[in-house]
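The lines below spell out each chain.
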Amino acid sequence: MSASGPTGDVRRATRRWEVEHGGAPPARLPMTYVLPLRWHTDTGLAELTDYLRWLGERVEVLVVDGSPADLFARHAEMWGGLIRHLPPDPGEQGLNGKVLGVHTGVRAAGHEHVVIADDDVRYDEAALIAVHRLLGRVDLVRPQNYFDPLPWHAWWDTGRTLLNRALGADYPGTLAVRRGTFLAMGGYDPDVLFENLELIRAVRAHRGTEAVPAWLYVRRLPPDAAHFRGQRVRQAYDDLAQPARLLTVLAVVPAVVVASRRPALLLGAAAGVVALAETGRRHAGGSRVFPPATALAAPFWLLERGVCSWLAVAQRLLLGGVRYGDTRIRRAATPTPHTRAILHFLWGRTIPDRTKNQQ
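Reading the values: rules and limits
Residues numbered from 1 in each chain as written. Predicted model: local features only at pLDDT ≥ 70, side-chain atom pairs only at ≥ 80, totals over all residues. Heavy atoms only, no water. Salt bridge = Lys/Arg side-chain N within 4 Å of Asp/Glu carboxyl O. Helix = DSSP H or I, 4+ residues; strand = E, 2+ residues; numbered from the N terminus. Buried < 20%, exposed > 50% of the residue type's maximum accessible area, 1.4 Å probe, protein only. Pairing = 2+ DSSP bridges. Contact = heavy atoms within 4.5 Å. Axes fitted to C-alpha atoms, helices over the stretch in contact; angles between N-to-C directions. Phe/Tyr/Trp six-rings, centres within 6.5 Å; stacked < 30°, edge-to-face > 60°. Lys NZ or Arg CZ within 6 Å of the ring centre and 35° of its normal. Expected span 1.5 Å × (residues − 1). Arc of directions from axis to C-beta. Core = buried A, V, L, I, M, F, W, Y, C linked by side-chain atoms within 4.5 Å.

Visitor: Describe in detail the pattern of salt bridges, supporting the description with residues and values.
Guide: Enumeration over the complete set of coordinates arrives at 24 salt bridges. Salt-bridge contacts for R142 lead to E210; the nearest nitrogen and oxygen are separated by 3.0 Å. Of this pair, R142 sits in the loop between β6 (140–141) and β7 (144–147) while E210 is found in strand β9 (residues 210–211), placing the two residues 68 residues apart along the sequence. The class for R142 is buried, based on a relative accessible area of 5%. For R204, the salt bridge goes to E210, with nearest N and O atoms at 3.0 Å. Note on R204: relative accessible area 45%, which makes it partly exposed. Each of K98, D118, D120, E195 and R220 takes part in one network of salt bridges that share partners.

Visitor: Talk me through the sheet that holds strand β10 (residues 217–220); I want residue IDs and the actual numbers.
Guide: Across the sheet, three strands lie side by side as β5-β10-β7; this open sheet has mixed pairing. With one partner strand each, in any of the chains shown, β5 (121–122) and β7 form the two edges of the open sheet. Two strands pair when backbone bridges link them, and β7 and β10 are joined in this way by four bridges, in the parallel orientation. The residue bridging N145 from the neighbouring strand is V218, located in β10. Taken strand by strand, helix α6 (residues 152–167) contacts β7 and β10, and its axis lies near 155° from that of β7.

Visitor: Describe the packing of aromatic side chains, with residues and values.
Guide: For the structure on display, the rule yields ten aromatic pairs. Measuring from centroid to centroid gives 6.2 Å for Y51 and W54, while their planes differ by 15°, and the two rings are stacked. Placement of the pair is Y51 and W54 together in helix α2 (residues 45–56), with a separation of three residues, close to one helical turn. For Y51, a relative accessible area of 7% puts it in the buried group. Since its relative accessible area comes to 25%, W54 is described here as partly exposed. The interplanar angle of 70° and the centroid separation of 5.1 Å between the aromatic rings of Y171 and F194 together place this pair among those described as edge-to-face. Of the two residues, Y171 sits in the loop between α6 and β8 (174–178) while F194 sits in the loop between α7 (179–184) and α8 (195–205), which places them 23 residues apart along the sequence. A network of ring pairs unites the aromatic residues W152, W155, W156, F228 and F300 as a single cluster. The lysine or arginine in question, R232, covers the ring of F228, its NZ or CZ lying 3.9 Å from the ring centre.

Visitor: I'd love a proper account of helix α13 (residues 263–282), names of residues and values included.
Guide: Under the 1.5 Å per step criterion, the end-to-end length of α13 is 29 Å for 20 residues, consistent within 8% with the ideal 28 Å. Among the residues of α13, V273, A277, E278, G280 and R281 are the ones counted as buried. Down the axis of α13, the buried set is contained in an arc of 155°. They therefore lie on one face. Away from its buried face, by an angle of more than 90 degrees, α13 presents the exposed residues A264 and R282. Close packing links the buried residues of α13 with α6 and α14 (298–319). Just downstream of α13 lies A284, where phi reads positive at about 55°.

Visitor: Can you explain unusual backbone geometry? Please cite residues and give values.
Guide: Cis rather than trans, the peptide bond between D148 and P149 has omega equal to 5°. Checked against the element boundaries, P149 lands in the loop between β7 and α6. The backbone of R207 shows a phi angle near 65°, a positive value even though the residue is not glycine. With respect to the helices and strands, R207 occurs in the loop between α8 and β9. For A284, which is not glycine, the phi torsion reads 55° and is therefore positive.

Visitor: Account for the nonpolar core, naming residues and giving values.
Guide: Y33, L52 and Y123 are the most contacted members of the largest nonpolar core, which has 34 residues in total. Elements represented by at least two residues in this core include exactly β1 (31–37), α2, β2 (60–65), α3 (69–79), β4 (113–117) and α5 (125–134). Counting residues per element, this core draws most heavily on α5, at six residues. With residues near it in sequence (within four places) discarded, Y33 still touches Y51, L55, V59, E60, V61, L62, V115, A117, V121, Y123 and L128. In terms of nonpolar packing, the next biggest core, distinct from the first, is built from 20 residues, V114, L140, Y188 and V203 among them.

The following block contains the structure:
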């Protein structure tokens, strides 16, 4: 990675577009932006409307809105003429409302290149151009999110991001996919919790290609602290789709208990986790968007995840799944062939192979 870092990579993508198209980037890219939405309060509506207005000048925007009728009507009034606003297809069935919204949006998209993003994701123009270029070569793009602003709970959760970057790749709140690939594989399973991992696995099962540009940074707004606290066990439940990761985090609490008798050992382990997170922070020019102090959050996040993972396993065994809206979702994601045997051992039952329906 050059010294110019991620910003330089994205700017180079913009300059290449300018050279190839004889001037500044076009007002509208041939790309569709799908935002699945389900709000119960309109806090943040003005800010989101400003973002949608900006987006609508650059790409086709579809907001698939599963909000209650009064909020849907208010959104329709606010966004009329700015973007396409539509309800989820009533023919779509499944437990995960976000997946149902994505299915509706991708099918309604007017372009082959489709960005899928949560309501707290904020692209800039250079990132849109970079994603569009990457989709010219691959079926799926996984950008890298970062929080801005950075209140304490966003700092805390950035510890997770940095560890993921150090050990492989993070799971962002936005993906981009070719519409033709999405339709050919029949979408992805709407009855799982970890929908982004499910889409990634569905594309892989369909033998699609994937780009994971660690340098492609896309801003994300942090949730409020109450929402953050309410998501801790639910996010830990995602690890049930990744047995090796689950077993690792389940070992954290017992390891801390054993090491607590030797403070030097405990401090050494914490320092090792910080060093690993720092590797992720510096990877691909990440120091431009991840402040130095964020690496210090990694041990705290890891301990929290260790506790919450035990609670997630308890919900799986005792309650049959994790709470999601008005229902419970049992499966975090469809297992890969390599993890099926591990899950069979953990849960003591045969795990159905739903990836066969995605081939």
